[in-house]
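In case you want the letters, here they are:
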Amino acid sequence: MIYLTNIAALAGIVPRGVLRKQGAEMDELSTLRDAYLAIRGTDIDSFGPMSALPEIGAEDEVIDAGGGHVLPAFCDSHTHICFAGTREQEFIDKIKGLSYAEIAARGGGILNSADLLHRTGEEELYRQTMSRVDEITRMGTGAIEIKSGYGLTTEDELKMLRVIRRIRESSRAVIKATFLGAHAVGRAYLGRQKDYVDLVCSEMIPAIGAENKTSPVPIAEYVDVFCDEGFFTPEETDRILTAGKAYGLVPKIHANELAYSGGVQVAAAHDALSVDHLERTTDAEIEALRGKRTMPTMLPGSSFFLGIPYGKAREFIQAGLGIALASDYNPGSSPSGDMRFVMAMGCIKMRLTPAQAFNAVTLNSAYAMGVSDILGSITEGKRANLILTDPIPSLAHISYCHHSPFIRKVFLGGEAI
Ligand code: NIG
Ligand code: FE
């Protein structure tokens, strides 16, 4: 057993069986002061007040938290960190006045990354992706959903998914893979969007289904579509999600980033696990999500980077829904996977309380990637993915002083990394 002792505050305690927080619950943050936490193997064994610390055996290890806080590691339920190279030129083009949509319409954007990825070998793609995984785990992220979508041919999409699977096998972080073949129309199909959607439904998805059948570790568990102006329509999205479901892939979606796309309604009708982006929504989107299992997921990093509106998180919460926050780490709209910065933007730009931001990047983002039964809170039996901080005045400090380096240690599966 490993005992973390002298914890000033153990934060994010959630009873077993609670898989997400919604409405007023989002502002609840259960904390135990002057606590210990015991880790057995990869999991949280138990925790309690220091006054009830069990007798330490000769074979036990003690780590003195020295008055730091302990919290669940962040879960990042929406990333595109499997990419090759970077896109600084577009960053400069944006500064000069081009919009994300204009860059994409010129054949830049996602297609630019697809060209780079095509020229990059599997080994090098693994190396680049793994270094981003290492970068964000050191910043406190313990679970990462990674999307394909820079392949845009069957071969290159499978190349990405194989790299993601290898990362899943080699990283201590929990990794989930999402097939996003419908991220953009591949270059060879420009002007023939219907044929590309046919390719996604009739070739890419069946190839993933076949690979999932034979491999002990699935190559993808979720299917996602960029349903937005200039990308895929609600009708195409419906086709792709239907095709994915036939092979056991659970729907997620990119919607309402660039326009009121109708994607939220399609995804909700498909009982999607999450609907993501949501920079532009009306009451209709909230109504479509009421009573659903779907987790609305907002990505303030892309609002910040692209200069577009921030999601109306407070309206969703007031309507009784939960929200998750994720980084969207990608080379085109959010080149950062720093979840503390995501929390800070949640508080500063979306006016979430620090407790709401905390729940949005832990339990609810774990839910949005289908792992809140094993991650996202301090709960006996959950995986010991934890952050230990230096002494900080309060939990609000995490978002308030979001760039001070107070994360002292990160534990993934019970081991300090
Ligand atoms: O989530 N919106 C679509 N896809 C990504 C951006 C991808 C890119 O530009 O490379 C996003 O923001
Ligand atoms: Fe995205």
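As a reminder, the structure under discussion sits directly above these lines.
Keep in mind it's a predicted model, so treat the numbers as computed, not measured. (Residues numbered from 1 in each chain as written. Chains lettered and ligands numbered in written order. Predicted model: local features only at pLDDT ≥ 70, side-chain atom pairs only at ≥ 80, totals over all residues. Heavy atoms only, no water.)

J.: Would you explain the overall build of the chain in this entry?
T.: When you go through the chain residue by residue, the secondary structure sums to 15 helices and 16 strands. For 417 residues, the compact-globule estimate of 2.2 N^0.38 gives 22 Å, and the C-alpha radius of gyration of the chain, at 21 Å, lies within 12% of that figure. Dimensions along the principal axes, computed over C-alpha positions, put the chain at roughly 70 × 45 × 40 Å. Taking as baseline every contact in the chain between residues at least 6 positions apart, the subset at least 24 positions apart corresponds to 73%. (Helix = DSSP H or I, 4+ residues; strand = E, 2+ residues; numbered from the N terminus. Rg over C-alpha atoms; globule rule 2.2 N^0.38 Å. Contact = heavy atoms within 4.5 Å.)

J.: Would you mind showing me how to read the site of ligand 1 here?
T.: Taken together, 15 residues sit near ligand 1, with Tyr 100, Tyr 150, His 183, Glu 257 and Ser 333 positioned nearest. Separating an oxygen atom of ligand 1 from a side-chain N or O atom of Arg 87 is a distance of 2.9 Å. Between ligand 1 and His 277 there is a distance of 2.8 Å, counted from an oxygen atom to a side-chain nitrogen or oxygen. The fraction of the free accessible surface of ligand 1 (330 Å²) that becomes covered by protein chains is 100%. For the shell around ligand 1, the residue count by class is four nonpolar, eight polar and three charged. (Near = heavy atom within 4 Å. Polar contact = N/O pair within 3.5 Å; in protein donor to acceptor, adjacent residues only side chain to side chain. Areas by Shrake-Rupley, 256 points an atom, 1.4 Å probe, with all protein chains shown as cover. Nonpolar A, V, L, I, M, F, W, Y, C, P; charged D, E, K, R; others polar.)

J.: I keep staring at the pattern of salt bridges and nothing clicks. Help me out?
T.: Pairing between side chains becomes possible if they bear opposite charge and their charged atoms approach one another. In the structure shown here, the tally under the stated rule is 19 salt bridges. Where Arg 293 meets Asp 271, a salt bridge forms, and the shortest distance between an N and an O atom there is 3.8 Å. With Arg 293 in the loop between α9 (283-289) and β12 (295-298) and Asp 271 in the loop between α8 (263-269) and β11 (274-277), the pair connects residues that are 22 residues apart, well separated along the chain. By relative accessible area, Asp 271 is classed as partly exposed at 35%. (Salt bridge = Lys/Arg side-chain N within 4 Å of Asp/Glu carboxyl O. Buried < 20%, exposed > 50% of the residue type's maximum accessible area, 1.4 Å probe, protein only.)

J.: Would you explain the side chain of Arg 132 in this entry?
T.: The residue Arg 132 is located in helix α4 (residues 122-138) in this model. Buried charge without a partner: Arg 132 forms no salt bridge, and the closest opposite charge is Glu 135, 5.8 Å away. (Lys, Arg positive; Asp, Glu negative; His and termini not counted.)

J.: Can you help me understand the pairing of β12 in this one?
T.: Along any regular strand, the residues point their side chains to alternate faces of the sheet. Burial along β12 is two-sided: Met 295 and Thr 297 facing one way and Pro 296 and Met 298 facing the other are all buried. As paired strands, β11 and β12 are joined by four bridges and run parallel to one another. Note on β12: the bridge partner recorded for Asp 276 is Thr 297. Remark: the β11/α9/β12 crossover connection has right-handed handedness. When β12 meets strand β13 (residues 324-325), the two strands line up parallel, connected through two bridges. (Pairing = 2+ DSSP bridges. Right-handed = clockwise from strand over helix to strand, strands pointing away.)

J.: What should I look at first to understand the nonpolar core in this one?
T.: Side chains of nonpolar character tend, in soluble globular proteins, to be buried together. Counting residues in hydrophobic clusters, the biggest one holds 59 residues, and the most contacted among them are Phe 179, Tyr 196, Phe 231 and Ile 240. For this core, the leading source of residues is helix α6 (residues 193-214), giving eight residues. Each residue touching Ile 240, except ones within four places of it in the same chain, is listed here: Ala 182, Val 197, Val 200, Cys 201, Ile 205, Val 223 and Val 225. Residues Ala 73, Leu 321, Ala 357 and Phe 406 belong to the second largest nonpolar core, which totals 41 residues. (Core = buried A, V, L, I, M, F, W, Y, C linked by side-chain atoms within 4.5 Å.)

J.: Looking at this model, I keep getting lost on the sheet that holds strand β7 (residues 141-147). Mind explaining?
T.: To summarise the sheet geometry, strands pair through backbone hydrogen bonds and adopt either a parallel or an antiparallel arrangement. Sheet architecture is open: eight strands sit in the order β6-β7-β8-β9-β10-β11-β12-β13, paired in parallel fashion. With one partner strand each, in any of the chains shown, β6 (74-79) and β13 form the two edges of the open sheet. As paired elements, strand β10 (residues 250-255) and β11 share four bridges and run parallel to each other. From the neighbouring strand, His 254 faces β11, where its bridge partner is Asp 276.

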